Structures are given as structure tokens and as C-alpha cells.
Amino acid sequence: MKFSVCIPNFNYASYLGRTIDSVLAQSHTDFEIPIADNKSTDASWEVIQQYVTSDKRVKASKNPTNVGFAGNLDAVSRMVSAEYTIMLSSDDLMGEGALETYKQLIELIGNQSFLISSTWHVIDPDDNRTGISRTPSKVWKKSDIDAELSQQFGCDVYKVAAGQLLNRCLSYSKGAFNFAATCYRTEDYEKVGGYGGTRMMNPDKWFHFRLLGGPVEYAYFIDKPLFSYR
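Cut-offs and rules
- Residues numbered from 1 in each chain as written.
- Predicted model: local features only at pLDDT ≥ 70, side-chain atom pairs only at ≥ 80, totals over all residues.
- Heavy atoms only, no water.
- Helix = DSSP H or I, 4+ residues; strand = E, 2+ residues; numbered from the N terminus.
- Contact = heavy atoms within 4.5 Å.
- Areas by Shrake-Rupley, 256 points an atom, 1.4 Å probe, with all protein chains shown as cover.
- Lys, Arg positive; Asp, Glu negative; His and termini not counted.
- Charge placed at Lys NZ, Arg CZ, Asp CG, Glu CD.
- Buried < 20%, exposed > 50% of the residue type's maximum accessible area, 1.4 Å probe, protein only.
- Pairing = 2+ DSSP bridges.
- Salt bridge = Lys/Arg side-chain N within 4 Å of Asp/Glu carboxyl O.
- Phe/Tyr/Trp six-rings, centres within 6.5 Å; stacked < 30°, edge-to-face > 60°.
- Lys NZ or Arg CZ within 6 Å of the ring centre and 35° of its normal.
- Polar contact = N/O pair within 3.5 Å; in protein donor to acceptor, adjacent residues only side chain to side chain.
- Disulfide = S-S within 2.5 Å.
- Core = buried A, V, L, I, M, F, W, Y, C linked by side-chain atoms within 4.5 Å.

### Quick word on the overall build of the chain
The helix and strand inventory of the chain stands at eight helices and ten strands. Its C-alpha atoms give the chain principal-axis dimensions of about 50 × 35 × 35 Å. Within the chain, residue pairs in contact and separated by at least 24 positions form 79% of the contacts whose partners lie at least 6 positions apart. As displayed, the chain has an accessible area near 10,000 Å², and 47% of this comes from carbon and sulfur atoms. The centroid of the 24 positive side-chain charges in the chain is displaced by 5 Å from the centroid of its 27 negative side-chain charges.

### Here we look at the pairing of strand β4 (residues 84–87)
A regular strand places its side chains on the two faces of the sheet in alternate fashion. Residues Tyr84 and Ile86 point to one face of β4 and Thr85 and Met87 to the other, with burial holding for every one of them. In this sheet, strand β9 (residues 183–185) lies alongside β4 in antiparallel orientation, the contact comprising three bridges. Within β9, the position partnered with tyrosine 84 by the bridge is arginine 185.

### Describing the side chain of aspartate 91
Tracing the chain through its elements places aspartate 91 in the loop between β4 and β5 (93–94). No salt bridge forms around the buried aspartate 91; measuring N to O, its nearest opposite-charge neighbour arginine 230 is 4.6 Å away. Those residues in contact with aspartate 91, other than ones at most four positions away along the chain, are Tyr12, Tyr15, Thr19 and Arg230.

### With respect to the packing of aromatic side chains
Tallied over the full model, the rule gives 14 aromatic pairs. One aromatic cluster in this structure is built from Trp140, Tyr158, Phe177 and Phe221. Just above the ring of tyrosine 218 sits the side chain of lysine 159; from NZ or CZ to the centre is 4.6 Å. Over the ring of tryptophan 206 we find lysine 205, and its NZ or CZ is 5.7 Å from the ring centre.

### Quick word on the side chain of aspartate 144
Within the fold, aspartate 144 resides in the loop between β7 (129–133) and α5 (147–153). You can call aspartate 144 buried: its relative accessible area is 7%. A polar side-chain atom of aspartate 144 sits 2.6 Å from a polar atom in the side chain of arginine 168. When neighbours within four sequence positions are excluded, aspartate 144 is seen to be in contact with Val139, Val157, Tyr158, Lys159, Val160 and Arg168.

### Notes on the state of the cysteines
Under the defined criterion, the tally for this structure stands at zero disulfides. For cysteine 6, which is in no disulfide, the shortest distance to another cysteine sulfur is to cysteine 183 and amounts to 10 Å. Owing to a relative accessible area of 0%, cysteine 6 belongs among the buried residues under this scheme. Distance from the sulfur of cysteine 169, which forms no disulfide, to the nearest cysteine sulfur (cysteine 183) is 18 Å.

### Considerations on the environment of arginine 57
Looking at the secondary structure, you find arginine 57 in the loop between α2 (44–54) and β3 (58–62). The exposure class of arginine 57 is partly exposed, given its relative accessible area of 23%. Sequence separation between arginine 57 and serine 89 is 32 residues, and the spatial gap between their C-alpha atoms is 18 Å. With residues near it in sequence (within four places) discarded, arginine 57 still touches Leu24, Thr29, Phe31, Glu32 and Ile33.

### Considering the nonpolar core
Counting residues in each nonpolar core, the largest one holds 69 residues, and the members touching the most others are Tyr102, Trp140, Leu165 and Phe227. Discounting residues that sit within four places of it in the chain, tyrosine 102 has contacts with Phe3, Ile86, Ile116, Ser117, Ser118, Ala181, Cys183, Ile222, Leu226 and Phe227.

### Here we look at the pattern of salt bridges
One pass over the full model with this rule turns up twelve salt bridges. Close ionic contact of lysine 59 with glutamate 32 constitutes a salt bridge, the shortest N to O distance being 3.1 Å. Of this pair, lysine 59 sits in strand β3 while glutamate 32 sits in strand β2 (residues 31–37); the two residues are 27 residues apart in sequence, bridging distant segments of the chain. Exposure remark for lysine 59: the relative accessible area of 28% places this residue in the partly exposed category. You can call glutamate 32 buried: its relative accessible area is 5%. Across the pair lysine 191 and aspartate 188 runs a salt bridge, and its minimum N-O distance is 3.7 Å.

Structure follows, in C-alpha cells:
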């Protein structure tokens, strides 16, 4: 099972190496790391090239101009060749065993369209943990907890039909997923037309809404910190 861990970057040279290292350290090793640099003005491209040279799973492109945040999400998505995609901010970290955990859940839920997300640690500029971000309030409910999956993973695992979750999101004007922790099928990205490069605000939230209202059948939230958000 192969994942594309996409890293859209702009001027995060000081964190980018740590972000890439957190992916390279995963126990599940069948992945690629596409990186799209959005015309950075710092040393980002030099950092990226060091990894491209040292590990064939890392590939990179540089936008000729700054295409904005949403545009860069689509730019890095166009580099994907794996079946499953995760979008990881260039200053965030993937926790130990994150890919292995997602792999196990995907194997258990079988052949369906999904969105998977998880809890994350909040970290400071020096990677010190300062808190935990759990499921967005009101959107995920205790009644969504799947007993069988929760027993399998040793933590609460929420499962809810996509349409039902979308209705809650729209009712409360809230997103349901942590940006850097969300996994989806690459083919579903294509089905909904991507992130939409012209959207200025919250392109990830609107992308997730379109997935929930389109090809996705069920959404899952693992209440275990598998990523770190800065």
C-alpha cells in the first residue's frame, strides 16, 4: 500500500528538513514525498535538493511564480503517483507509526471511499509539545465511536456517513479534519476537481466538503495523536 505524503512549501527552510525527516522515519516505508516549492525566497530549494539527491522517494518541483496556497496544494497534488494521499504542511511533523496506523485502518475498512484524520500534538518552534488538538467539537459525536475499531486500535475511533458529517459541518460552519493529518484516495481528488487554485480562504476545508458531498462514503477520526502541528 503506497502513500503520497505531499509537502507544499513556501519559505519554511528552517522547519522543512524536520518535516521530511519525520516522514522518512516511518515504519511503513512504501511512500513517496512530492514537494512543491511556491517560489520561496529563503533557502528552501537548497534544503529540498539535499533530500532529492539522497532519497529517491523524494521528488520536487518549483513553481515559476507564487501561485498562492490553494494553487500550491494543487501543484503538489499533480505530482502524486500513489493510491493514497496525505497533505503535510512544511512546518508540521508526522508522528511515529502514523502511516502504519492509517494502513491498518484502510485494510480493515476495505474497498470504499473515505476520509481519515486523527488527533495531533501542538508543538512550539523547538518541537516541544504544548497541547493536543482533538476532534472538532459538535461535528464528531460520542455516538459516532465504533466499538470494534476502537478495540482494534486501543483508542476511540469515530465512524460516520459522509453525508451526515457534511450536514453537521455546514450547520456549525466547522471543518471536520485536521489539515496535516487527513488521508484520502488520490482518485477522489481527481473526481472533485482538486483544491481549486483560486480559493483564497480555507481551501482544505472546502475540498473536504466536496469529498464528503461526492465520492466519499464514510469518514473516520482516530483519537490518537499521530501528527504534530506547529
